[in-house]
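Structural features, examined
Now for the letters of each chain:
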Amino acid sequence: MAAGKPKKKNPRLASGRKRARQNIVLNAANTSLRSKYRTAVKNVEKAVLAGDKEKATSAFALMQSVVDTVADKGIFHKNKAARDKSRLSVKVKALAQAAA
C-alpha cells in the first residue's frame, strides 16, 4: 500500500475549478496570518522571559493589533485572541511591577 494522501481528482465544473484555485490562495493567506499571530505572541513571551520591560511593552502593543486583526478575519476565534491578550497582559504588568 502506498503511504500518504490519496491523489485528489480535478473538479469537472468550472465553478469547482475556480473554487479549487481560490482555496489555494486563501490557504496561503491564512497560513501567513496564522504565522504572524504566533510570532507576535512568541515575541512578547520572549521579552517577558528575558525580563526586558520596554521591549515587552512595545512587543505587547504590536501584538495586540496583530491579534485583533487576525481574530477579525476569523483565522482564530475572538475568544482565543482575547484569552491570549489577557494572559500576556498579566505577564507584562507583572514584569512592570517587579521592575518598579
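Definitions and limits used
Residues numbered from 1 in each chain as written. Predicted model: local features only at pLDDT ≥ 70, side-chain atom pairs only at ≥ 80, totals over all residues. Heavy atoms only, no water. Salt bridge = Lys/Arg side-chain N within 4 Å of Asp/Glu carboxyl O. Helix = DSSP H or I, 4+ residues; strand = E, 2+ residues; numbered from the N terminus. Buried < 20%, exposed > 50% of the residue type's maximum accessible area, 1.4 Å probe, protein only. Contact = heavy atoms within 4.5 Å.

Take the pattern of salt bridges next. A side chain with one charge may pair with a side chain of the opposite charge, provided their charged atoms come close. With the rule as written, the count across this model stands at three salt bridges. Between Lys85 and Asp68 there is a salt bridge; the shortest N-O distance is 2.7 Å. Taken as a pair, Lys85 in helix 3 (residues 78-99) and Asp68 in helix 2 (residues 53-72) lie far apart in primary sequence, 17 residues in all. Taking relative accessible area as the criterion, Asp68 reaches 33% and is therefore assigned partly exposed. For the salt bridge of Lys78 with Asp72, the shortest nitrogen-to-oxygen distance reads 2.8 Å. For Lys78, a relative accessible area of 47% corresponds to the partly exposed category.

Below, the discussion takes up the environment of Leu95. Mapped onto the secondary structure, Leu95 falls in helix 3. The exposure class assigned to Leu95 is buried, which follows from its relative accessible area of 15%. C-alpha separation for the pair Leu95 and Asp52, spaced 43 residues apart in sequence, amounts to 8.2 Å. Here Leu95 is in contact with Ala47, Val48, Gly51, Asp52, Lys53 and Ala56, once residues within four sequence places are set aside.

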